[in-house]
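Given next are the chains, with one letter for each unit.
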Amino acid sequence: MDRFLFLFIWTALTVKVVTAARFQADEELIVMPSEESRPGIIGDEESRMGTRWAVLVAGSSGYGNYRHQADVCHAYQLLRTGGLKDENIVVFMYDDIANNPANPRPGVIINSPDGEDVYAGVPKDYTGRDVTVSNFYAVLLGNKSAIIGGSGKVVDSGPNDHIFVFYSDHGGPGVLGMPTNPNLFADDFIEVLKQKHAAGSYREMVLYIEACESGSIFEGLLPESLKIYVTTASNAEESSWGTYCPGMNPPPPPEFHTCLGDLYSVSWMEDSDVHNLKQETLKDQYKTVKIRTSNLNTYITGSHVMQYGDVNISREELYLYMGFHPGNDGVTSSTSEN
């Protein structure tokens, strides 16, 4: 009997250790005091979440475009604070701003007048001439063999994973800018998204796109069946706007002669920075950002934030894509969902 009892205890401990190791292999799930009353939350979240992936793209170069790289660096810091790992975040930026001779704070990038440095620690996955459309597509598709230059990091996602893509730059009808030729064209981009969906290598994907006329990339082109939800800084026919620019209120610090951020981008990030993303949904954030980006519905130096694709995804909580800052536990959503 003692021998059988020993084998039973040894087996139980082994199973417990293996199960714990499997759980640790995935992203850590943070259960806050406000959630302890919800039975089965860990199992539910693990099955829903998979791995979070993010691709961040600043599509410009030159100090006059300071704001685009500032947006992307801020997004990186937000995601890292939310618990995403560097191995799951891919950053594209020309990297000619922080140490540019025109930068009044060498080695530092800020995204708001009183903001902290958002440049520190940002991975240099694809910089300079490696910030290309072909590399962006290869990263999104998880195609390592198609990468030229850079870190070689790709979105090696699986069928249960969530992917977040944030792009910030200039745009035009059916096109998004890149710092190298060619630019990104709507038809090509939609085909890449269809390929990603056909591969079955994600559960759901969210795209936030900051650019003039960014709605033209998706309007009438993005099928609702791809499990992709998109919001854009503007509709298909209008400009998007910078913010924290000289002459605006609030202005940048006096030594800066350029905009520190883009209005749509700063709106979603400053909202995410201070709210409980386990309670706030994509729809909540869409409503909040839409109001702020419209300049309180005046559209004076403001634009129409739009949404495309599978809008049912907007009912989901933001933390599935951006992670969760434990310091914001207990903070209520910015908008009550109807």
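Structure: see above.
Residues numbered from 1 in each chain as written. Predicted model: local features only at pLDDT ≥ 70, side-chain atom pairs only at ≥ 80, totals over all residues. Heavy atoms only, no water.

J.: Got a minute to help me understand the pairing of strand β8 (residues 228–232) in this structure?
T.: Moving residue by residue along a regular strand, the side chains alternate between the two faces of the sheet. Burial runs high along β8: five of the five residues are buried. The alternating pattern of β8 places Ile228, Val230 and Thr232 on one face and Tyr229 and Thr231 on the opposite face, and all of these are buried. In the sheet, strand β7 (residues 204–210) pairs with β8 via five bridges, with the strands oriented parallel. The partner of Met205 across the bridge, within β8, is Ile228. In terms of strand pairing, β8 meets strand β11 (residues 306–309) through four bridges, oriented antiparallel. Among the inter-strand pairings, Thr232 is bridged to a residue of β11, identified as Met306. (Buried < 20%, exposed > 50% of the residue type's maximum accessible area, 1.4 Å probe, protein only. Helix = DSSP H or I, 4+ residues; strand = E, 2+ residues; numbered from the N terminus. Pairing = 2+ DSSP bridges.)

J.: Got a minute to help me understand the packing of aromatic side chains in this structure?
T.: The relative placement of two aromatic rings is captured by the distance of their centres and the angle of their planes. Within the structure shown, the criterion is met by 14 aromatic pairs. The interplanar angle of 15° and the centroid separation of 4.7 Å between the aromatic rings of Phe92 and Tyr126 together place this pair among those described as stacked. With a gap of 34 residues between them, Phe92 in strand β2 (residues 89–92) and Tyr126 in the loop between β2 and α4 (133–141) connect regions that are remote in the sequence. There is no split in this pair, since Phe92 and Tyr126 are both buried. Taken together, a centroid distance of 5.1 Å and an interplanar angle of 80° make the contact between Tyr208 and Trp268 edge-to-face. Of the two residues, Tyr208 is situated in strand β7 and Trp268 in helix α6 (residues 263–274); the sequence distance between them amounts to 60 residues. Relative accessible area serves as the criterion here: at 1%, Trp268 is assigned to the buried category. Following the ring pairs from residue to residue traces out a cluster consisting of Phe92, Tyr126, Phe136, Tyr137, Phe189, Phe218 and Tyr308. In this arrangement the basic side chain of Lys278 is found over the ring face of Tyr319, its NZ or CZ atom lying 5.5 Å from the centre. Over the aromatic face of Phe324 sits the side chain of Lys278, whose NZ or CZ is 5.1 Å from the ring centroid. (Phe/Tyr/Trp six-rings, centres within 6.5 Å; stacked < 30°, edge-to-face > 60°. Lys NZ or Arg CZ within 6 Å of the ring centre and 35° of its normal.)

J.: What exactly am I supposed to notice about the layout of surface pockets here?
T.: One way to see where empty space is left: roll a probe the size of a water molecule over the atoms. For the largest pocket, the calculated volume is near 380 Å³. If you trace the largest pocket, you find 21 residues lining it, with His74, Gln77, Leu78, Val118 and Asp273 closest to the centre. Only α3 (66–81) and α6 provide two or more residues apiece to the lining of the largest pocket. Take the lining of the largest pocket: its biggest share by element is four residues, from α3. Of the residues that constitute the lining of the largest pocket, the class distribution is five nonpolar, 12 polar and four charged. The calculated volume of the second largest pocket comes to roughly 240 Å³. (1 Å grid on protein atoms, 1.4 Å probe; cavity = no way out; pocket = protein on both sides within 12 Å on 5 of 7 lines; lining within 4 Å. Points joined across faces, edges and corners; volume = space filled by probe spheres on them. Nonpolar A, V, L, I, M, F, W, Y, C, P; charged D, E, K, R; others polar.)

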